[in-house]
Amino acid sequence: MTDSFKIDVSSVKCTVTGGKNGLIYAKDLLNDLKNIHGAIPCAVYSDSPDTAFRCYHLDLKKGSGGVEDIKRTFRRLRSLRFNSVLVEYENRIALNSLPGIAAEDAFTREEIRELNTCAAENGLEIIPLLQSFGHLEYLLRHPD
């Protein structure tokens, strides 16, 4: 799995192996060990998740704390070793083709790109959830 890692620390070297996200988690562990112990204790450390898909549902229907709050959430999800986020946008994306439909605190395209970048940096794949016609109350309430 890409989320697995192994760290072998001896008195002369430190060897780290792992998949894409595994290397992120290994780096986090090495930083934590250094902060706690002042150095990295000699040992073999490894981690491999029991399940490949670890997803968090981020529901933005009722609003959010903004971009910085979501970035903090992504960093926290990284520390908990989630690898996917199902983001339910509802009316929180400003769509140029549908002016006046989005919530006042809707995310701009640039903010969505910023969130996508932050997610990738934290080993998270964003799975966008855009509602189907039967769940578009926010859209259907507008006479136009």
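Refer to the preceding data block for the structure.
In this report, we go over the structure that sits alongside the text. Counting of residues starts from 1 at the beginning of each chain's written sequence and follows it residue by residue. Confidence filtering applies because this is a predicted model: local features only for residues at pLDDT of at least 70, side-chain atom pairs given and counted only at 80 or more, and all residues used for totals across whole chains, interfaces and linings. Hydrogens and water molecules were not included; the side-chain quantities draw on all heavy atoms of the structure.

Turning our attention to the pattern of salt bridges. Salt bridge criterion: a side-chain nitrogen from Lys or Arg within 4 Å of a carboxyl oxygen from Asp or Glu. Tallying each qualifying case throughout the model produces ten salt bridges. Notably, a salt bridge pairs Glu 68 with Lys 71, separated by 3.6 Å at the nearest N-O pair. Taken together, the positions of Glu 68 and Lys 71, both in helix H2 (residues 67-79) and three residues apart, correspond to about one turn of that helix. Buried, partly exposed and exposed residues are distinguished by accessible area as a fraction of the type maximum, computed with a 1.4 Å probe on protein chains only: under 20%, between the cut-offs, and over 50%, respectively. For Glu 68, a relative accessible area of 43% translates into the label partly exposed. The exposure class of Lys 71 is buried, given its relative accessible area of 15%. Glu 110 is paired through a salt bridge with Arg 113; the nearest N and O atoms lie 3.5 Å apart. Remark: Arg 113 and Glu 110 occur in helix H3 (residues 109-121); sequence separation between them is three residues, near one turn of the helix. Secondary structure counts use DSSP, requiring at least four H or I residues in a row for a helix and at least two E residues in a row for a strand, with both numbered from the N terminus.

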